[in-house]
Amino acid sequence: MILGTVVGTVVSTRKMQSLVGYKLLMVQPLYGGEERMLVAGDTIGAGIGEMVLVTTDETTQHAIERKAPIDAFIVGIVDSPPILGK
Amino acid sequence: MILGTVVGTVVSTRKMQSLVGYKLLMVQPLYGGEERMLVAGDTIGAGIGEMVLVTTDETTQHAIERKAPIDAFIVGIVDSPPILGK
Amino acid sequence: MILGTVVGTVVSTRKMQSLVGYKLLMVQPLYGGEERMLVAGDTIGAGIGEMVLVTTDETTQHAIERKAPIDAFIVGIVDSPPILGK
Amino acid sequence: MILGTVVGTVVSTRKMQSLVGYKLLMVQPLYGGEERMLVAGDTIGAGIGEMVLVTTDETTQHAIERKAPIDAFIVGIVDSPPILGK
Amino acid sequence: MILGTVVGTVVSTRKMQSLVGYKLLMVQPLYGGEERMLVAGDTIGAGIGEMVLVTTDETTQHAIERKAPIDAFIVGIVDSPPILGK
């Protein structure tokens with residue numbers, strides 16, 4: 001999974017019906033530059049500035065109840081930044 | 001998902017039958033250089049210059065009615081560029 | 001999908017039975033350097049120098065009749081290089 | 001698969017129910033810089049500093065008993081760093 | 001698919017039961033630096049120094065008889081390095 005920080009929200013009125021109901025959050029991965037920025041679906045309620053865990057590709061479908069064309073999904077809010085070596 | 005701008009159209013007369021009916025649009029991701037340029041299928045009707053949300057890999061199959069060999073698909077047109085930190 | 005040019009052929013006599021019958025073509029993506037070179041299966045008959053559209057990962061299975069361990073497949077031959085902005 | 005070293009643990013109290021029961025370990029791939037750092041699920045019991053083998057994407061589902069939104073999973077602990085050329 | 005050279009073997013005694021029976025070989029992709037090094041499963045019997053064709057992600061499951069958490073698998077041994085332009 002990708003560890004990252006929520007840095008913004010994406011608003012898309014004209015979108016696929018199956019995306020309705022999911023917040024779309026911009027996540028900046030902790031490791032790797034801006035080019036790895038991505039948009040993830042969310043139902044946990046992560047807020048701006050929170051550190052989150054994102055799963056990708058088809059595994060996202062195991063985080064939602066009905067199939068949807070979403071290839072990145074927030075699956076957890078991290079309690080505190082991991083301390084490397086512990 | 002990938003946030004990007006529609007920058008062109010791809011025309012392919014000799015293609016798989018299962019691709020017929022989908023517009024094929026060139027999308028330049030907002031984050032990451034030209035090397036991340038990709039071709040995405042579209043049924044929403046995104047136009048050149050519009051900012052779109054693209055899903056990838058097998059999750060594309062949840063955006064279309066019949067299976068097709070398309071690994072990137074436009075799932076939304078973004079209302080306005082996201083403001084980071086909000 | 002990836003837009004690229006066919007630049008060579010791969011010959012593999014000792015291969016999985018399920019790969020038999022597919023031409024294996026080397027494709028240099030239009031965007032991104034040589035490190036993105038890949039080998040794609042083909043049944044459309046793309047020739048050396050032609051510009052093609054390649055789909056990847058599990059979506060390749062929707063381009064072929066029986067399941068095969070191929071993660072990149074040519075799904076179209078592009079009529080002419082896309083003109084950006086049109 | 002990815003060869004990497006376990007360098008930390010991730011604690012996420014507010015997470016998807018289907019993630020409960022899996023340790024979440026930070027893995028630094030042996031090849032490629034910090035930008036390739038990832039979080040992997042674990043049931044083998046890998047410890048900090050151990051070299052592990054990680055599988056990714058939907059193939060993770062073949063390492064666990066019930067479906068879960070996890071796109072990276074530890075599938076082995078490597079006996080000793082591979083000697084290239086042998 | 002990825003074209004690469006077998007450069008080593010990985011030994012993992014403590015591994016998932018479903019990985020038993022597959023040789024685990026280190027493959028250096030022909031295109032792209034060391035950061036793209038990966039570990040692939042093998043049943044064809046590729047040797048050190050041989051050039052191989054590797055498929056990835058869920059498509060690996062079409063190369064094996066029973067499901068296994070392996071996201072890269074050798075599907076062919078290449079007769080000779082491809083000559084670009086032919």
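Residues numbered from 1 in each chain as written. Chains lettered and ligands numbered in written order. Predicted model: local features only at pLDDT ≥ 70, side-chain atom pairs only at ≥ 80, totals over all residues. Heavy atoms only, no water.

Naming follows an unreviewed UniProt entry, where chain A appears as Ethanolamine utilization protein EutN of Anaeromicropila populeti. Quoted verbatim from the Subcellular location (unreviewed entry) field of UniProt, the annotation for chain A is "Carboxysome". (UniProt positions renumbered as here; feature names shortened; annotations may be inferred.)

What follows deals with the overall build of chain A. Of the regular secondary structure elements, chain A holds zero helices and six strands. Going from the N terminus to the C terminus, chain A shows its helices and strands as β-β-β-β-β-β. The C-alpha radius of gyration computed for chain A amounts to 13 Å, which stays within 12% of the reference 12 Å derived for 86 residues, consistent with globular compactness. Within the span of chain A, comprising 86 residues, buried residues form 62% of the whole. A total accessible area of about 3,300 Å² is found for chain A, and carbon and sulfur atoms account for 53% of it. Side-chain charges of chain A comprise 7 positive and 9 negative groups, with the mean position of each set lying 5 Å from the other. (Helix = DSSP H or I, 4+ residues; strand = E, 2+ residues; numbered from the N terminus. Rg over C-alpha atoms; globule rule 2.2 N^0.38 Å. Buried < 20%, exposed > 50% of the residue type's maximum accessible area, 1.4 Å probe, protein only. Areas by Shrake-Rupley, 256 points an atom, 1.4 Å probe, with all protein chains shown as cover. Lys, Arg positive; Asp, Glu negative; His and termini not counted. Charge placed at Lys NZ, Arg CZ, Asp CG, Glu CD.)

Right, let's talk about empty space enclosed by the protein for a bit. On inspection of all chains with the given rule, the structure shows one cavity of 30 Å³ or more. One number sums up the size of the largest cavity: a volume of about 50 Å³. Forming the boundary of the largest cavity are Met26, Met37, Leu38 and Val39 of chain C together with Met1, Ile2, Leu3, Pro29, Tyr31 and Arg36 of chain E. Those elements that place two or more of their residues in the lining of the largest cavity are strand 4 (38–42) of chain C together with strand 1 (2–9) of chain E. (1 Å grid on protein atoms, 1.4 Å probe; cavity = no way out; pocket = protein on both sides within 12 Å on 5 of 7 lines; lining within 4 Å. Points joined across faces, edges and corners; volume = space filled by probe spheres on them.)

Here the focus is a positive patch on the surface. Taken together, the side chains of Lys67 of chain A, Lys67 of chain B, Lys67 of chain C, Lys67 of chain D together with Lys67 of chain E make up a positively charged region of the molecular surface. With respect to the helices and strands, the residue Lys67 of chain E is situated in the loop between strand 5 (51–56) and strand 6 (72–77). (Patch = residues over 30% accessible without salt bridge, like charges linked within 9 Å, V, L, I, M, F, W, Y side chains within 5 Å. Salt bridge = Lys/Arg side-chain N within 4 Å of Asp/Glu carboxyl O.)

With that settled, consider the pattern of salt bridges. Under the counting rule described, the total for this entry stands at five salt bridges over all chains. The closest approach of N and O atoms between Arg14 of chain E and Glu50 of chain D, which form a salt bridge, is 2.8 Å. In this pair, Arg14 of chain E is assigned in strand 2 (residues 14–15) and Glu50 of chain D in the loop between strand 4 (38–42) and strand 5 (51–56), connecting two distinct chains. Judged by relative accessible area, Arg14 of chain E falls into the partly exposed class, the value being 47%.

What follows concerns the layout of surface pockets. There is about 200 Å³ of room inside the second largest pocket. What lines the second largest pocket is a set of 14 residues, and nearest its centre among them are Glu58 of chain A, Glu58 of chain B, Glu58 of chain C, Glu58 of chain D together with Glu58 of chain E.

In this section: the relation of the copies chain A and chain D. Superposing the two chain copies requires a rotation about an axis and a translation along that axis. Laying chain A over chain D is done by rotating through 72° and shifting 0.0 Å along the axis; what remains is an RMSD of 0.0 Å. Such a combination of rotation and displacement between the chain copies is what one expects of a five-fold axis. Little of the interface of chain A is mirrored in chain D, where only 7% of its interface residues are also at the interface. (Least-squares fit on C-alpha atoms with pLDDT ≥ 70 in both. Contact = heavy atoms within 4.5 Å.)

Attention now moves to the relation of the copies chain E and chain D. Rotating chain E by 72° about the axis while translating it 0.0 Å along that axis superimposes it on chain D, leaving an RMSD of 0.0 Å. Here only 6% of the contact residues of chain E are again contact residues in chain D; the copies associate through non-equivalent surfaces.

Moving on: the environment of Gly4 of chain C. Residue and element names in this part refer to chain C. Here Gly4 shows up in strand 1 (residues 2–9). Sequence separation between Gly4 and Phe73 is 69 residues, and the spatial gap between their C-alpha atoms is 12 Å. Setting aside residues no more than four positions away along its own chain, Gly4 makes contact with Val27, Gln28, Pro29, Leu30, Glu50, Met51 and Val52.

Moving on, we come to the interface of chain E and chain D. Tallying the contact residues gives 31 residues for chain E and 30 residues for chain D. Taking both sides of the interface into account, the surface hidden between chain E and chain D amounts to around 2,400 Å²; carbon and sulfur atoms contribute 60%. On the chain E side of the interface with chain D, the three residues burying the most area are Arg14, Met16 and Asp71 of chain E, jointly 25% of the side's total. On inspection of chain E and its partner chain D, the count reaches one salt bridge. Put simply, the parts of the chain that give the side of chain E that touches chain D at least two residues each are strand 1, strand 2, strand 3 (23–29) and strand 4 (38–42) of chain E. Sheet topology note: the strand 6 (residues 72–77) of chain D/strand 2 of chain E ladder contains two bridges and is antiparallel. Directly across from Gly76 of chain D, in strand 2 of chain E, lies its bridge partner Lys15 of chain E. (Buried area = accessible area lost by both parts, 1.4 Å probe. Pairing = 2+ DSSP bridges.)

A separate point is the side chain of His62 of chain A. Mapped onto the fold, His62 of chain A is located in the loop between strand 5 (51–56) and strand 6 (72–77). Side-chain polar atoms of His62 of chain A contact the side chain of Glu58 of chain D, separated by 3.0 Å. With sequence-adjacent residues up to four places away left out, His62 of chain A is seen in contact with Ser18, Glu58, Gln61, Lys67, Ala68 and Pro69 of chain D. (Polar contact = N/O pair within 3.5 Å; in protein donor to acceptor, adjacent residues only side chain to side chain.)

With that out of the way, let us pick up the interface of chain A and chain D. Each side of the interface is counted separately: chain A has 30 residues, and chain D has 31 residues. Between chain A and chain D the total buried area reaches about 2,400 Å² when both faces are included, carbon and sulfur atoms providing 59% of it. On the chain A side of the interface with chain D, the three residues burying the most area are Met1, Tyr31 and His62 of chain A, jointly 30% of the side's total. Here chain A and chain D share one salt bridge between them. The element contributing the most residues to the side of chain A that touches chain D is strand 6 of chain A, with five residues. For the side of chain A that touches chain D, the class distribution of residues is 15 nonpolar, nine polar and six charged. (Nonpolar A, V, L, I, M, F, W, Y, C, P; charged D, E, K, R; others polar.)

With respect to the element layout, Asp57 of chain E can be found in the loop between strand 5 and strand 6. The side chain of Asp57 of chain E sits in the buried core without any salt bridge; Arg36 of chain E is the nearest counter-charge, 10 Å away.

This part is about the pairing of strand 5 of chain D. Residue and element names in this part refer to chain D. Counting buried positions along strand 5 yields six of six residues, so the element is predominantly enclosed. Two elements, strand 1 (residues 2–9) and strand 5, share four bridges in a ladder whose sense is antiparallel. Bridged to Ile2 within strand 5 is Val54. Where strand 5 lies against strand 6, five bridges are found, and the strand directions are antiparallel. Its bridge partner lying in strand 6, Leu53 is registered against Gly76.

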